[in-house]
Amino acid sequence: MTTSLSETRFVHYYRQILLPEVGESGQQTLLQSHVLIVGVGGLGTHVAQQLAAAGVGHLYLMDNDKVERSNLPRQVLFAAPDIGQNKVDIAKRQIHQHNPDVHVVAWPWHFDLDSVAIFIQQQPLLSAALHQQKLTVLDCSDNLTTRHSVNLWCVEHKLVLVSAAVSAFCGQLLLVDLQNAQHAGCYRCLFNEHAITQDCQSMGVLGPTVAVVASMQAALTLKHILRVGAADDHLHVYDGYTLSWRKLKRQRDRHCPVCCTPSNSPISHQREASL
Amino acid sequence: MITVYFNSQPLSVPADTNLRDILALVATTQQSHEAFANVAAVVNECIVPKSQWPHYQCQASDNIELFAAVAGG
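Thresholds, definitions, all that
- Residues numbered from 1 in each chain as written.
- Chains lettered and ligands numbered in written order.
- Predicted model: local features only at pLDDT ≥ 70, side-chain atom pairs only at ≥ 80, totals over all residues.
- Heavy atoms only, no water.
- Helix = DSSP H or I, 4+ residues; strand = E, 2+ residues; numbered from the N terminus.
- Buried < 20%, exposed > 50% of the residue type's maximum accessible area, 1.4 Å probe, protein only.
- Contact = heavy atoms within 4.5 Å.
- Areas by Shrake-Rupley, 256 points an atom, 1.4 Å probe, with all protein chains shown as cover.
- Rg over C-alpha atoms; globule rule 2.2 N^0.38 Å.
- Lys, Arg positive; Asp, Glu negative; His and termini not counted.
- Charge placed at Lys NZ, Arg CZ, Asp CG, Glu CD.
- Salt bridge = Lys/Arg side-chain N within 4 Å of Asp/Glu carboxyl O.
- Phe/Tyr/Trp six-rings, centres within 6.5 Å; stacked < 30°, edge-to-face > 60°.
- Core = buried A, V, L, I, M, F, W, Y, C linked by side-chain atoms within 4.5 Å.
- Buried area = accessible area lost by both parts, 1.4 Å probe.
- Polar contact = N/O pair within 3.5 Å; in protein donor to acceptor, adjacent residues only side chain to side chain.
- Nonpolar A, V, L, I, M, F, W, Y, C, P; charged D, E, K, R; others polar.

Re the overall build of chain B
At step 1: Assigned secondary structure in chain B consists of 2 helices and 6 strands.
At step 2: Going from the N terminus to the C terminus, chain B shows its helices and strands as β-β-α-α-β-β-β-β.
At step 3: Within chain B, the proportion of its 73 residues that are buried is 49%.
At step 4: Taking all contacts inside chain B whose residues are at least 6 apart in sequence as the whole, residues at least 24 apart take part in 50%.
At step 5: Total accessible area computed for chain B in this model is approximately 3500 Å², and 52% of it derives from carbon and sulfur atoms.

Given below as structure tokens:
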């Protein structure tokens, strides 16, 4: 059951509420939603800022990095005086200043299956959202190992994953939703653990390229939370040279060791859905 | 023989060629063999999972591309 928004909140989010796809109930949905952001670097700072501004009510930020000078051209929540401090702490402070509606939890740890389990254990709201499958996970990390760990964890917990990556002039974005777009598979269906990769540290990147990809990640996340349109089943590829996007249709790998194990098989999902 | 397009370049191959054969054909060095084993293959804007490469029978005018993973954030 949803209650109506306060007058202040109604005015604050008025331009979003005007959209028929959002409305007052959609805004309530956003305020009650939970998003875990893995990696608070270029993508993570942009996406956290946009989701907080839109009124996503609970943001959990996970990253063990400290702010470095080389981060400043593209990691928009940080400034020179923040150098040397935990990224998640600065991001939390900045987001709270911008929108006090948002409950932000900063967790200065690197994501792996052990550290996220401890995080969940210590955060009752996050734990409840996880177990009710009301948590959306955003992968904004900067390496393939973490990307595969995040994907595995999301598949195991039947959580929706919005994964974005950027390097040089190229961006990639996909939504993994095995409940509503099972045919599209997971991140492991696309790239294996030994995939050839491009990353920002070795290839470089421009701030606006990061911002474009992050904005698409935020848009895809809001669309998912608000249930606007069908679950996305593409790999979106951004070309920063031509300033254009391509949509490539994804399909599940029937031999995927992550999402096609017996516990994640289509039959087992259907059985659970019917219970 | 049929003509397919690999990274926009025309390539003549026997009519019964599968996607794995194509990648083996264009991988001329050991390094590219290894590289091709770790990318996503896209045929006519659709991703073909690696386990399906031997089962995908190429058609005339197929547009075949390879994508490396982007990992930066």
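Structure shown, so let's carry the discussion forward.
Examining the overall build of chain A
At step 1: Broken down by element type, chain A carries 12 helices and 9 strands.
At step 2: Taking 275 residues into account, the globule formula puts the C-alpha radius of gyration at 19 Å, and chain A, at 18 Å, falls close to it.
At step 3: For chain A, the spread of C-alpha atoms along the principal axes amounts to about 50 × 50 × 40 Å.
At step 4: Per-residue burial for chain A yields a buried fraction of 54% across its 275 residues.
At step 5: Averaging the positions of the 21 positive and the 22 negative side-chain charges in chain A gives two centres separated by 4 Å.

A word on the pattern of salt bridges
All names here are of chain A.
At step 1: Scanning the entire structure with this criterion turns up 7 salt bridges over all chains.
At step 2: In this structure, Asp101 and Arg9 form a salt bridge, with 3.2 Å as the shortest nitrogen-oxygen distance. Taken as a pair, Asp101 in the loop between helix H5 (87-98) and strand S3 (103-107) and Arg9 in helix H1 (residues 7-12) lie far apart in primary sequence, 92 residues in all.
At step 3: By relative accessible area, Asp101 is classed as partly exposed at 27%.
At step 4: Accessibility expressed as a relative area gives 29% for Arg9, which makes it partly exposed.

Looking at the packing of aromatic side chains
All names here are of chain A.
At step 1: Applying the stated criterion across every chain, the model contains 8 aromatic pairs over all chains.
At step 2: Consider the rings of Phe111 and Trp153, whose centres lie 5.8 Å apart with planes at 75°: the pair is edge-to-face. Of this pair, Phe111 sits in the loop between S3 and helix H6 (113-122) while Trp153 is found in helix H8 (residues 144-156), placing the two residues 42 residues apart along the sequence.
At step 3: For Trp153, a relative accessible area of 4% gives the class buried.
At step 4: Between Tyr187 and Phe191, the aromatic rings sit 6.0 Å apart at their centres with planes inclined by 55°, giving tilted as the arrangement. Per residue, the accessibility class of Tyr187 equals that of Phe191, and both read buried.
At step 5: A network of ring pairs unites the aromatic residues Tyr60, Trp107, Trp109 and Phe119 as a single cluster.

A few points about the nonpolar core
The nonpolar side chains of a soluble globular protein tend to be buried with one another.
Residues and elements named next belong to chain A.
At step 1: One finds Leu36, Phe119, Leu135, Val137, Trp153 and Cys186 to be the most contacted residues of the largest nonpolar core, which totals 45 residues.
At step 2: If you tally residues by element for this core, the top one is H8, at 5 residues.
At step 3: Not counting chain neighbours up to four residues away, the residues in contact with Phe119 comprise Leu36, Tyr60, Met62, Val105, Trp107 and Leu126.
At step 4: Counting 41 residues, the second-largest nonpolar core is a separate cluster that includes Leu43, Ile90, Leu138 and Val160.

Some points on the interface of chain A and chain B
At step 1: Listed per partner, the contact involves 39 residues of chain A and 21 residues of chain B.
At step 2: Between chain A and chain B, a total of about 2300 Å² is buried, with carbon and sulfur atoms accounting for 55% of that surface.
At step 3: One can count 2 salt bridges joining chain A with chain B.
At step 4: Across the salt bridge formed by Glu45 of chain B and Arg246 of chain A, the nearest N and O atoms sit 2.5 Å from each other.
At step 5: At the boundary of chain A with chain B, the tally comes to 16 residue pairs in polar contact (both at pLDDT 80 or more).
At step 6: Mapped onto the side of chain A that touches chain B, the elements with two or more residues apiece are helix H4 (42-54), H8, strand S5 (160-167), strand S6 (170-176), helix H9 (187-190), strand S7 (197-198), strand S8 (234-239) and strand S9 (244-249) of chain A.
At step 7: Across the side of chain A that touches chain B, the residue classes break down as 16 nonpolar, 13 polar and 10 charged.

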